[in-house]
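Remarks on the overall topology
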Amino acid sequence: MAKHQHDKNADELWFYFKDVIEWVGRYFPVKRGKLMKGQPWGDLYNKYKDTPLDKDELEAEIQRLLENEEVENKKGIYLYVLTREEKHLNLRQFDGKIAQRKYEEQKGVCPECGKEFKIEEMEADHIIPWHKGGKTTYENCQMLCQRCNRTKSGK
Ligand SMILES: [Zn+2]
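Residues numbered from 1 in each chain as written. Predicted model: local features only at pLDDT ≥ 70, side-chain atom pairs only at ≥ 80, totals over all residues. Heavy atoms only, no water.

**Some thoughts on the pattern of salt bridges**
- Summed over all chains, the structure comprises 8 salt bridges.
- The salt bridge partner of E59 is R32, with a shortest N-O separation of 2.7 Å. With E59 in helix α4 (residues 55–67) and R32 in the loop between α1 (2–27) and α2 (33–36), this residue pair connects regions lying 27 residues apart in the sequence. Summarising the burial analysis for this pair, E59 and R32 share the class buried.
- E123 serves as the salt-bridge partner of R150, at 2.6 Å between the closest nitrogen and oxygen. Of this pair, R150 sits in helix α7 (residues 146–153) while E123 sits in strand β1 (residues 122–126), and the two are 27 residues apart along the sequence.
- Judged by relative accessible area, which is 42%, R150 ranks as partly exposed. (Salt bridge = Lys/Arg side-chain N within 4 Å of Asp/Glu carboxyl O. Helix = DSSP H or I, 4+ residues; strand = E, 2+ residues; numbered from the N terminus. Buried < 20%, exposed > 50% of the residue type's maximum accessible area, 1.4 Å probe, protein only.)

**Re the coordination of the zinc ion**
- Binding of the zinc ion to the protein goes through C110 (SG), C113 (SG), C145 (SG) and C148 (SG), at separations of 2.3 to 2.4 Å.
- Here the zinc ion is ringed by 4 donor atoms whose angles at the metal span 99 to 117°, and the overall shape comes out tetrahedral.
- Counting the intervening residues between successive donors of the zinc ion yields the motif C-x2-C-x31-C-x2-C. A residue pair is termed long-range when its members are at least 10 positions apart, and C110 in the loop between α6 (96–105) and β1 and C145 in strand β2 (residues 141–145) qualify at 35 residues. (Donors = N, O, S within 2.8 Å, 3.2 Å for Na, K, Ca; no water. Tetrahedral: all angles 85-135°; square planar, octahedral: opposite > 155°, others 65-115°.)

Rendered as structure tokens:
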């Protein structure tokens, strides 16, 4: 009896893995060994197995993200195209020098609320956000107070 029970569980586990592997193969047919290794495929399968996905659109987006220099964590691309959470991409941030120069240029005034702040109370923000093609350049940087920055990005 105990042995039978064990076999049954083993079968179920095997079928589950097969389902996961089939699902990954169906929606992510392009093999990228290094990038695909270690992804939480089981969790992603559980969460998205009933979501309609377009494998061609997914692949086109993955390629664009792989070529996008703003994306510093290429390993997070698979998670991002499913979850839409930008945190997985580790997007490029403005360095302290750019923030300091912008702060001085703005004379410490937040362009959203018009109030004056110390530099520690401000955050460097992409004027054109990343998902609309904005780059991490001086021209695309503004210093916002924390409150305005959080309101803007909906954090
Ligand atoms: Zn503000």
